[in-house]
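# Fold and geometry: a report
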Amino acid sequence: MTETATDVLVLGSGSAGLVAALTAAAQGLRVTVLEKTGRIGGTTAMSGAGTWIPANHHAAAAGIPDSEAEALAYIRAAAPEGWAAEEDTLWQAFVQAAPEMLRFVEGATPLRFALTPEPDPLRGLPGHKAGGRMLSPLPLSRWRAGRFAWRIRTSTIPELFTYHEAVETDLYHHPYRTAASLWPRLLWRILTNTRGKGTALVVGLLRGCLDRGVQVLLDARAVALTQDADGAVVGAEVERGGARETWSARAGVVIATGGFEWDESLRAEHFPGPVDWLGSPSGNAGDGQRMAAAAGAALERMDQATLTPSVPTRYEGRLMARPVPFHTEPNALLVNRHGQRFVNELTFNIGEAIDARDPGTGQPLHLPAWVISDAAMLDRLPPVRWAARAAPGWLRQAPDIATLARLIEVPEAVLVASVARFNAAAEAGADTDFGRPARPDPAAAGDKRRRAGIAALVRPPFLALPFNRAILATKGGARTNENGEVLRPDGSVIAGLFAAGVAMANPIGTRGVGTGTTIGPNMAWGYIVGRRLARRNRG
């Protein structure tokens, strides 16, 4: 068995792992990143790279006042009941580290971020801001990744467009018209191998790592952590090139392996009931969670995930999730398995509403759920048409609502009444049941992805589209302290073991506080871990 030594071993090459590697390497440590698959970037590379960072320097430069105290107040007010007891110290660590992390990343890599026009979505809460906390990276050429230029993981969403363009144009409703209006910059990106979103984020972080001597190995799967006689983690056993290797890590091992959504048994245990699509690399199969548990870690928040409305698309030979907010179309309502409308469709944390569980049994309350619409959706939203071609049978159509109810096996009279009541709300211009705005909301005007208002369903064929969980990443794993150090069930630290990103017991779970509350906190936790590794090394 081959034996290799390094200072820091980072397992996973998403945003959390790469920021941890970059931070540790910038302080003089030898760092090795092991990526299980043949592609770099994990779920981050597949994302839109919306990044929620409060009190950041771009907001300050734009004259938008913000503070760590306001951000903490907002997170505390938004959190599920009872979470503060376990997560408040981690929230404090996040709001303190995130602005510093952003400055560091922009100084240490070619990445440059820009604000988006999105407000904090949970209006009315203490600490809410009308803008300034959401950012996304500007595009970068994949050539900046050097020999890894063609090893950056691709996405189910078009990386040719930036996150800003997706938000600020009507790309979802008019993709061809939008592309035509942007053709000079799009052509330049094609010619220069330049991309936005998660591709740009991974390219920039990877370039920074390579410039600081970080070793990045692909097709290298960690299968077990190694521990000394006192239980401290001192390295890992790795499968690479058909052989098993032993790696020692003098300063520590970082678990940044992503979620466990591709492990069917773990998914069924923690997310019982229907799951429509997965939107992450198939390597996200819970390796980090299992290794941490075997080393004595407490696993928590295993029922939390990034649940994002998505349509099916073909990716690497299988059907996977393409995030598209089709449920927010004016002529769309959500019904549960009983055919009853149960939520304001424009609710920001719609994934949490869909995933509501019976407190006694743990089973989903509403699933299977459906988006009900009419033929106008097919005219307005091309991604739905594309999805129907990619997955025949996904879209159900019928000449009337009663027939549609029979197709999806919900009570006919109930669905007919639900649609009639929604149509009446559209005619009256007031949704008295759930408070959905019947007219465009000026506060959300910067985001062109969603069509505000309510429109009656009148034009056959009538449509039913499954609206169960689409999981972009689970968010449960090893419980950590405010330094990212992994804890045992008794609260003691497993020396030498760290976790970051969605492989940790994520302190911001399914209930997001903004569109970018996966990527932003993931990067911040990578930074926190990298700093702690350097302090531990010096100690």
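Analysis parameters
- Residues numbered from 1 in each chain as written.
- Predicted model: local features only at pLDDT ≥ 70, side-chain atom pairs only at ≥ 80, totals over all residues.
- Heavy atoms only, no water.
- UniProt positions renumbered as here; feature names shortened; annotations may be inferred.
- Core = buried A, V, L, I, M, F, W, Y, C linked by side-chain atoms within 4.5 Å.
- Buried < 20%, exposed > 50% of the residue type's maximum accessible area, 1.4 Å probe, protein only.
- Helix = DSSP H or I, 4+ residues; strand = E, 2+ residues; numbered from the N terminus.
- Pairing = 2+ DSSP bridges.
- Patch = residues over 30% accessible without salt bridge, like charges linked within 9 Å, V, L, I, M, F, W, Y side chains within 5 Å.
- Areas by Shrake-Rupley, 256 points an atom, 1.4 Å probe, with all protein chains shown as cover.
- Salt bridge = Lys/Arg side-chain N within 4 Å of Asp/Glu carboxyl O.
- Polar contact = N/O pair within 3.5 Å; in protein donor to acceptor, adjacent residues only side chain to side chain.
- Lys, Arg positive; Asp, Glu negative; His and termini not counted.
- Contact = heavy atoms within 4.5 Å.
- Phe/Tyr/Trp six-rings, centres within 6.5 Å; stacked < 30°, edge-to-face > 60°.
- Lys NZ or Arg CZ within 6 Å of the ring centre and 35° of its normal.

Under an unreviewed UniProt entry, the name given to the protein is Dehydrogenase, and the source organism is Roseomonas fluvialis. Note on the protein: under the UniProt heading Cofactor (unreviewed entry), the record states "FAD".

This paragraph deals with the nonpolar core. Ranked by internal contacts, the top residues of the largest apolar core, which has 100 residues, are Val-8, Leu-11, Val-31, Val-216, Leu-225, Val-254 and Leu-497. In terms of residues, this core owes the most to one element, helix H5 (residues 84-108), which gives 12 residues. In terms of nonpolar packing, the next biggest core, distinct from the first, is built from 29 residues, Phe-342, Met-377, Leu-378 and Leu-465 among them.

Next up on the list: the pairing of strand S10 (residues 233-240). Each regular strand carries side chains that alternate between the two faces of the sheet. The sheet contact formed by strand S9 (residues 220-227) and S10 spans 7 bridges and is antiparallel. Bridging from a neighbouring strand, Thr-226 pairs with Gly-235 of S10. Here S9 folds back onto S10, and the loop between the two strands holds 5 residues, one of which, Gly-231, carries a positive phi near 90 degrees. The pairing of S10 with strand S11 (residues 243-255) spans 6 bridges and is antiparallel. In the sheet register, Val-238 faces S11, and the bridge partner there is Glu-245. Once S10 ends, the chain turns through 2 residues before running back antiparallel as S11, passing Gly-241 with a positive phi of about 60 degrees.

A surface patch of nonpolar side chains, about 520 Å² in accessible area, is lined by Trp-183, Leu-187, Trp-188 and Leu-191. With respect to the helices, strands and loops of the structure, Leu-191 is situated in helix H8 (residues 183-192). Judged by relative accessible area, which is 61%, Leu-191 ranks as exposed.

Let us now look at the environment of Thr-169. Within the secondary structure, Thr-169 is located in the loop between helix H6 (163-168) and helix H7 (175-181). On a C-alpha basis, the gap between Thr-169 and Ala-179 in space is 9.9 Å, while along the polypeptide they are 10 residues apart. Engagement of the side chain of Thr-169 in a polar contact is seen with the backbone oxygen of Glu-165, the distance being 2.6 Å.

Another aspect to go through is unusual backbone geometry. The omega angle of the peptide bond from Leu-367 to Pro-368 is 0 degrees, so this bond is cis rather than trans. Among the structural elements, Pro-368 can be located in the loop between helix H12 (350-354) and strand S18 (370-374). Along the chain, Pro-460 connects to Pro-461 via a cis peptide bond; the corresponding omega equals 0 degrees. Its place among the elements puts Pro-461 in the loop between helix H16 (412-428) and strand S20 (462-466).

In this section: the pattern of salt bridges. Within this structure, the stated rule accounts for 33 salt bridges. When the shortest N-O distance is used, the salt bridge between Asp-7 and Arg-30 registers 3.6 Å. In this pair, Asp-7 sits in strand S1 (residues 2-11) while Arg-30 sits in the loop between helix H1 (15-26) and strand S2 (31-34), placing the two residues 23 residues apart along the sequence. Classification of Arg-30 by relative accessible area gives partly exposed; the value is 48%. The salt bridge involving Glu-485 is made with Arg-532; its shortest N-O contact spans 3.0 Å. Of this pair, Glu-485 sits in strand S23 (residues 485-487) while Arg-532 sits in helix H17 (residues 519-538), and the two are 47 residues apart along the sequence. For Glu-485, a relative accessible area of 8% translates into the label buried. Judged by relative accessible area, Arg-532 falls into the partly exposed class, the value being 23%. Linked through salt bridges whose partners overlap, the residues forming this network are Lys-36, Arg-221, Asp-263, Asp-287 and Arg-290.

So, about the sheet that holds strand S3 (residues 51-52). Read across the sheet, 3 strands follow the order S3-S5-S4 without closing on themselves; strand pairing throughout is antiparallel. Lying at the two open borders of the sheet, with one neighbouring strand each, are S3 and strand S4 (113-115). Pairing between S4 and strand S5 (residues 134-137): 3 bridges, direction antiparallel. Residue Phe-113 lies in a different strand from S5, and its bridge partner there is Pro-137.

Within the secondary structure layout, Asp-276 lies in strand S12 (residues 275-278). Here Asp-276 occupies a buried position and makes no salt bridge, while the nearest side chain of opposite charge, Arg-396, is found at 7.7 Å. A distance of 2.7 Å separates a polar side-chain atom of Asp-276 from the backbone nitrogen of Asn-468. Sequence-distant contacts of Asp-276, that is, excluding residues within four places in its chain, are made with Pro-466, Phe-467, Asn-468 and Arg-469.

Taken as a whole and assessed by the stated rule, the structure comprises 8 aromatic pairs. Between Trp-143 and Trp-150, the ring centres sit 5.4 Å apart and the planes meet at 85 degrees, which makes this aromatic pair edge-to-face. Of the residues examined, Trp-150 reaches a relative accessible area of 52% and is grouped as exposed. Between Phe-326 and Trp-394, the aromatic rings sit 6.2 Å apart at their centres with planes inclined by 75 degrees, giving edge-to-face as the arrangement. Of this pair, Phe-326 sits in the loop between strand S16 (318-323) and strand S17 (332-335) while Trp-394 sits in the loop between helix H14 (382-390) and strand S19 (396-398), and the two are 68 residues apart along the sequence. By relative accessible area, Phe-326 is classed as buried at 0%. Taken together, the ring pairs in this structure connect Trp-52, Tyr-74 and Phe-94 into an aromatic cluster. The cationic tip of Arg-301 hangs over the ring face of Trp-83; the distance from NZ or CZ to the ring centre is 3.7 Å.

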